[in-house]
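Chain and residue survey
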Amino acid sequence: VQLVESGGGLVQPGGSLRLSCAASGFTFSNYAMSWYRQAPGKERELVAAINSRGGSTNYADSVKGRFTISRDNAKNTVYLQMNSLKPEDTAVYYCNALARYFGQGTQVTVSS
């Protein structure tokens, strides 16, 4: 299993970013996918999850209404659209598959 995240960066408060996670090594369309994040000094937390077909999603309360998870099974890719970003969203964001595999992460920094 290989998961490669991209799309992180530095953004001002109120800005947007779109993260991508390219997956390989398993039948992507058969499995739910999720995004986690870990801020400095804090435990890794679940941010959003999506079922195998993309018809069901769930979000951490802290990101509801601002973040959207989606997937393209033809491209073996899951996305996280992040809007109205806040400084407390600063973290390394990780893609997760099969409940146990993580990518290398992509840094998101929200700062003016």
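All values reported here derive from a predicted model rather than from experimental measurement. Position labels on residues start from 1 in each chain and follow its written sequence. Local features are withheld for residues below a pLDDT of 70 in this predicted model, meaning they are given only at 70 or higher, and side-chain atom pairs are given and counted only at 80 or more; totals for whole chains, interfaces and linings count all residues. Calculated side-chain values reflect all of the structure's heavy atoms, with hydrogen atoms and water omitted.

Turning our eyes to something else, we now look at the overall build of the protein chain. A tally of helices and strands in the protein chain yields zero helices and 11 strands. Put simply, DSSP marks the helices as runs of H or I at least four residues long and the strands as runs of E at least two long, and each gets a number from the N terminus on. Going from the N terminus to the C terminus, the protein chain shows its helices and strands as β-β-β-β-β-β-β-β-β-β-β. If you line up the protein chain on its principal axes, its C-alpha atoms span 40 × 25 × 20 Å. Only protein chains enter the accessibility calculation, which uses a 1.4 Å probe; a residue whose area is less than 20% of its type maximum is buried, one above 50% is exposed, and one in between is partly exposed. Relative to its full complement of 112 residues, the protein chain shows a buried share of 40%. Put simply, 51% of the contacts in the protein chain that link residues at least 6 apart link residues at least 24 apart. Here the protein chain displays about 5,800 Å² of accessible surface, and carbon together with sulfur accounts for 44% of that area. Across the protein chain, 11 positive and 7 negative side-chain charges occur, with their mean positions spaced 6 Å apart. Contact criterion: two residues are considered in contact whenever any of their non-hydrogen atoms come within 4.5 Å of each other. Where accessible areas are quoted, they stem from the Shrake-Rupley method and a 1.4 Å probe; at the residue level, only the protein chains shown are allowed to cover. By the counting scheme adopted, Arg and Lys are positive, Glu and Asp are negative, and His together with the chain ends is not counted. A charge is said to be at NZ when it belongs to Lys, at CZ for Arg, at CG for Asp and at CD for Glu.

As a general feature of sheets, a regular strand has side chains that alternate between the two faces. Only one face of strand 1 (residues 2-6) is buried: it carries L3 and E5, and the other face, with Q2, V4 and S6, is open. Here a strand pair is declared whenever DSSP counts at least two bridges between the two strands. Alignment of strand 1 against strand 3 (residues 17-24), held across five bridges, turns out to be antiparallel. Counterpart to E5 in the pairing with strand 3 is C21.

Within the open sheet, the four strands sit side by side as 1-3-8-7. Their pairing is antiparallel. Whereas interior strands pair on both sides, the edge strands pair on one side only; in this sheet they are strand 1 and strand 7 (67-72). With direction set aside, neighbouring strand axes in the sheet form an average angle of 15°. Inspection of the sheet shows strand 3 paired to strand 8 (residues 77-82) by six bridges, in the antiparallel sense. From the neighbouring strand, L19 faces strand 8, where its bridge partner is L80. Lines are fitted to the C-alpha atoms to define the axes, a helix being fitted only along its stretch in contact, and any angle between axes, read from their N-to-C directions, falls within 0 to 180 degrees.

Glancing now at the pattern of salt bridges. Salt bridge, as used here, is a side-chain nitrogen of Lys or Arg placed within 4 Å of a carboxyl oxygen of Asp or Glu. Taken as a whole and assessed by the stated rule, the structure comprises four salt bridges. Note that D61 is salt-bridged to K64, the shortest N-O span being 3.2 Å. The exposure class of D61 is exposed, given its relative accessible area of 65%.

In what follows, a disulfide is any cysteine sulfur pair within 2.5 Å. On inspection of all chains with the given rule, the structure shows one disulfide. Covalent S-S linkage joins C21 and C95, the inter-sulfur distance amounting to 2.2 Å. Between C21 and C95 the sulfur-sulfur dihedral comes to about -80°; the bridge is accordingly left-handed. Residue C21 is located in strand 3, and its partner C95 is located in strand 9 (residues 91-97); the two are separated by 74 residues in the primary sequence. Owing to a relative accessible area of 0%, C21 belongs among the buried residues under this scheme.

Here we take up the environment of V108. Looking at the secondary structure, you find V108 in strand 11 (residues 106-110). Measuring from C-alpha to C-alpha, the distance between V108 and V92 comes to 6.0 Å, with 16 residues separating the pair along the chain. Ignoring sequence-local partners within four residues, the contact set of V108 consists of G8, G9, L17, L19, M82, D89, T90, A91 and Y93.

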